[in-house]
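Below are the chains, spelled out letter by letter.
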Amino acid sequence: MSHSIFITFLFIAIATATTAAKEYFVGNHVGWRIPPPNETEIYTIWASRRRFYIGDTLRFRYSASSVVQVDKYGFYHCDSTHPISFSVDGNTVVKLDKVGTVYFISGNSERCSKGQRMIVNVNNVRHYPPAAQPPRNQYYSLAPSPSQGYGSGSGAGAGAGALLDSGSAVLASASVMALVVALAGLGLCLVEG
């Protein structure tokens with residue numbers, strides 16, 4: 001009897017840990033804004049350096065703009081006349097709920113044409129064991145962007161380098177909950193055994 005309870009708790013813990021979603025802050029501390037002229041692809045590059053999965057969320061922080069989800073045509077033509085979604089609240093959260101490519105632009109076509117747009121590719125599910133974390137390079141956040149250079153003194157460091165981060169804000173409650181459930185199951189097994 002106690003063995004089956006432990007197996008049930010262990011299964012719940014594994015299922016909870018493997019489905020833990022992440023929240024990503026678009027542009028990190030810089031937020032959603034017009035990028036510098038020499039870094040117009042910065043948001044798409046930012047997104048390409050991450051793996052997004054169903055259930056993850058994107059948080060856009062901005063003050064003088066909007067976030068518009070559009071189709072492929074709307075993205076490449078900076079056309080927000082037929083939006084999938086449109087937000088102007090300054091702190092927009094978008095849940096990634098289907099596999100595929102998602103396109104975001106500023107609702108202002110001039111801002112969009114200056115680079116305030118992003119392509120996100122959403123994958124199906126995470127495929128790593130619950131005890132392991134996804135592979136991560138500890139030096140990732142320290143790597144300069146191509147425009148930063150070394151010792152140029154041009155002040156370019158506030159651009160792409162400011163958008164690099166050490167990962168995303170992990171919603172750790174699912175992992176903590178999984179650990180608590182697994183330990184509770186083990187405790188029940190030991191007490192009844």
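Note that the coordinates shown come from a computational prediction; the quantities given were computed from them, not determined experimentally. Residue positions are given per chain, counting from 1 as you read along its sequence in written order. Since the coordinates come from a predicted model, pLDDT governs what is reported: local features require at least 70, and pairs of side-chain atoms require 80 or more to be given and counted, while whole-chain, interface and lining totals use all residues. Hydrogens are left out, water is left out, and the side-chain values use all remaining heavy atoms of the structure.

Observations concerning the overall build of the chain
Where helices and strands are cited, they refer to DSSP runs of H or I of at least four residues and of E of at least two residues respectively, numbered from the N terminus. The helix and strand tally for the chain stands at 6 helices and 9 strands. Looking at the chain residue by residue over its 193 residues, the buried ones come to 39%. Restricting the contact set of the chain to residue pairs at least 6 apart, pairs at least 24 apart contribute 77%. When a residue's accessible area, from a 1.4 Å probe over protein chains only, is under 20% of the maximum for its type it is buried; when over 50% it is exposed; and in between it is partly exposed. We call two residues contacting when some pair of their heavy atoms lies within 4.5 Å.

Thoughts on the state of the cysteines
The disulfide criterion used throughout: a pair of cysteine sulfur atoms within 2.5 Å. For the structure on display, the rule yields 1 disulfide. Between the sulfur atoms of Cys 78 and its disulfide partner Cys 112 the distance amounts to 2.2 Å. Taking the sign of the S-S torsion, about -75 degrees here, the bridge from Cys 78 to Cys 112 comes out left-handed. Here the residue Cys 78 occupies a position in the loop between α3 (72–76) and β5 (85–87), and Cys 112 occupies one in helix α4 (residues 109–113), the gap between them amounting to 34 residues. Cys 112 sits in the buried class, given a relative accessible area of 0%.

A look at the nonpolar core
The nonpolar side chains of a soluble globular protein tend to be buried with one another. Formed by 19 residues in total, the largest nonpolar core has its most connected members in Trp 32, Leu 58, Phe 60, Phe 104, Met 118 and Val 120. The set of elements that each furnish at least two residues to this core consists of α2 (42–48), β3 (57–61), β7 (100–105) and β8 (117–123). Element by element, the count of residues in this core is highest for α2, at 4 residues. If sequence neighbours within four positions are ignored, Met 118 has contacts with Val 26, Trp 32, Tyr 43, Thr 44, Trp 46, Ala 47, Leu 58, Phe 60, Phe 75, Val 102, Tyr 103 and Phe 104. Side-chain atoms within 4.5 Å link the members of a nonpolar core, which is a set of buried Ala, Val, Leu, Ile, Met, Phe, Trp, Tyr and Cys residues.

Examining the sheet that holds strand β4 (residues 67–70)
Strand order in the open sheet formed by 5 strands is β2-β8-β7-β4-β5, with mixed pairing between adjacent strands. Taken across any chain shown, the strands that pair with only one partner, and hence form the sheet edges, are β2 (52–53) and β5. Paired strands, as defined in this entry, are two strands with at least two bridges between them according to DSSP. Inspection of the sheet shows β7 paired to β8 by 6 bridges, in the antiparallel sense. Among the inter-strand pairings, Thr 101 is bridged to a residue of β8, identified as Asn 121.

Side note on the confidence of the model for the chain
Of the residues in the chain, 55% reach a pLDDT of 70 or more, and the chain-wide mean stands at 74. Known as pLDDT, the predictor's confidence for each residue is given on a scale from 0 to 100. Low confidence marks residues 138–177, where pLDDT is under 50. Its contacts with residues over four positions away, or in another chain, come to 54 contacts.

Things to note about unusual backbone geometry
Phi is positive for Asn 28, which is not a glycine, with a value near 50 degrees. Of note, Asn 28 is situated in the loop between β1 (22–25) and α2. We classify Asn 28 as buried; its relative accessible area is 12%. Positive phi values are uncommon outside glycine, yet Cys 78 reaches one of about 50 degrees. Look at Cys 78 and you get buried, because its relative accessible area is 12%.

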